[in-house]
Amino acid sequence: MNKAFYSFFSLLLYANFCQSALSGVPGEVIAVEGHGAIFKLDQRFLEINFKDQNYILFAIPYSASNESKQFDGIDINIIKKDFGESRITIEDLSKVDLSKEDADRAYKESMQIRNAVNSYSTDFKPNMDFSSPIPDGIISSRYGKKRFINNTPRSPHLSLDIAANEGTPIQAPSKGKVILTGNFFYSGNYLIIDHGYGLISSYSHMSEIYLEAGDYVEKDQSIGAVGSTGRVTGPHLHWTVYLNKIRINPESLLKKDYLQGILQSYKDVI
Ligand SMILES: [Zn+2]
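Since this is a predicted model, take the numbers as computed values, not measurements.

### Let's talk about the overall build of the chain
Piece 1. What the chain contains, in helices and strands, is four helices and 20 strands.
Piece 2. Looking at the chain as a whole, 33% of its 270 residues qualify as buried.
Piece 3. Sequence-distant contacts, at least 24 apart, represent 66% of the contacts inside the chain between residues at least 6 apart.

Quick look at the structure:
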């Protein structure tokens, strides 16, 4: 098949596919049978081969209401889900109403984090088999909660908070490579792991970081310890997982046979 024909064929598939828009719950991952070219020729997605069939894993972005969104050129129906709300009090007001210096620092750091989160490497192919970074921890705030800090509405909480005693080891939920570490204004001692193909996880507020950028990690290896650095109300891990730059629900990844569940839900709707 020549290249031009292949592109045409891919676009044709893409066009057919768009007639039935993707839909899903905010923060969840859905599987669609086929290849990345179906979606967009220059967009790279995580493809998984399971029982001789190829699937693309696709993250549904967060949205507070039922709506249809164009995302990376793809139509997505986002199904409304009530995630509840969380109200926290930050007593150190210098961490809420930032000085010019702190605001500049926080902005620079957010750009550094964004660059890291946008990485796309092909060293590892993730199998989506995640374990909890703190197996004995207690979930203290779930993904998607509307957040109020000192009674003022803020961005929703698109991460999972796991509370544990200061110094409790934090384990890599899956293998990967550390791509960023540092001490950040909001996140405190912070580390990002690249699991490959656009799947990235980050760890905030640690008391200690055991690794450096460039280090490879194995699943369940200790990466640092629980702490209360940065903007926090007490010792906990703020754990974020990104797929294709979209923050997804980390708790869902911990479900038993997570990947099979996603593939099965795809088969149930077709
Ligand atoms: Zn959090």
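There is more to say, and it comes next.
### A few points about the sheet that holds strand E2 (residues 29–33)
Piece 1. The strand order across the open sheet built from three strands is E2-E4-E3, with neighbouring strands paired in antiparallel fashion. Each end of this open sheet is capped by a strand with a single partner; those strands are E2 and strand E3 (46–50). On average, adjacent strands in this sheet sit at an angle of 35° to one another, irrespective of strand direction.

### Describing unusual backbone geometry
Piece 1. A positive phi angle is found at Met128, which is not glycine, with a value near 65°.
Piece 2. Here Met128 is to be found in the loop between helix H2 (100–117) and strand E8 (138–141).
Piece 3. Judged by local crowding, Met128 falls into the partly exposed class, with 19 C-beta atoms found within 10 Å.
Piece 4. Phi angles above zero are rare outside glycine, and Asp220 is one such case at about 75°.
Piece 5. Structurally, the position occupied by Asp220 is in the loop between strand E17 (216–217) and strand E18 (222–225).

### Observations concerning the sheet that holds strand E1 (residues 22–24)
Each strand in a sheet pairs with its neighbour through backbone hydrogen bonds, running either in the same direction (parallel) or in the opposite one (antiparallel).
Piece 1. A sheet is described by the order of its strands in space; here three strands give the open sequence E1-E6-E5, paired in mixed fashion. For this open sheet the edge positions go to E1 and strand E5 (67–71), each flanked by a neighbour on one side alone. The mean inter-strand angle of the sheet, taken between neighbouring strand axes irrespective of direction, is 30°.

### Quick word on the pairing of E3
Every other side chain in a regular strand lies on the same face of the sheet, so the side chains alternate between the two faces.
Piece 1. With five bridges connecting them, E3 and strand E4 (residues 53–59) associate as antiparallel partners. The partner of Ile48 across the bridge, within E4, is Tyr55.
Piece 2. Taking the residues between adjacent antiparallel strands as the criterion, E3 and E4 are bridged by two residues, where Lys51 takes a positive phi near 45°.

### Some words on H2
Piece 1. An ideal rise of 1.5 Å per residue puts 26 Å on 18 residues; H2 measures up with 26 Å between its terminal C-alpha atoms.
Piece 2. Counting buried positions along H2 gives one out of 18 residues, so the element sits mostly on the surface.

### Digging into the nonpolar core
Piece 1. If you look at the biggest cluster of nonpolar residues, it comprises 49 residues, and the most contacted ones within it are Val29, Leu57, Leu191, Tyr203 and Leu243.
Piece 2. Top contributing element to this core by residue count: strand E19 (residues 236–243), with five residues.
Piece 3. The residues that make up this core include at least three from each of domain 1 (3–82 + 255–267) and domain 2 (85–251).
Piece 4. Residue contacts for Leu243: discarding those within four places in its chain leaves Val29, Leu46, Leu57, Ala59, Gly198, Leu199 and Ile248.

### Some remarks on the pairing of E5
Piece 1. Across the five residues of E5, zero count as buried, placing the element largely on the outside.
Piece 2. Pairing of E5 with strand E6 (residues 74–78) involves five bridges; the strand directions are antiparallel. Each bridged residue has a counterpart across the sheet, and for Glu67 the counterpart in E6 is Ile78.

### A short note on the confidence of the model for the chain
Piece 1. Mean pLDDT over the chain: 88, with 89% of residues reaching 70 or higher.
Piece 2. Confidence drops under a pLDDT of 50 for residues 5–19, and excluding neighbours within four residues, the segment shows ten contacts in the predicted structure.

How each quantity is defined
Residues numbered from 1 in each chain as written. Predicted model: local features only at pLDDT ≥ 70, side-chain atom pairs only at ≥ 80, totals over all residues. Helix = DSSP H or I, 4+ residues; strand = E, 2+ residues; numbered from the N terminus. Buried ≥ 20, exposed ≤ 12 C-beta atoms within 10 Å, placed from the backbone. Contact = placed C-beta atoms within 7 Å. Pairing = 2+ DSSP bridges. Axes fitted to C-alpha atoms, helices over the stretch in contact; angles between N-to-C directions. Expected span 1.5 Å × (residues − 1). Core = buried A, V, L, I, M, F, W, Y, C linked by C-beta atoms within 7 Å. Domains from an automatic or database assignment. pLDDT = per-residue confidence, 0-100.

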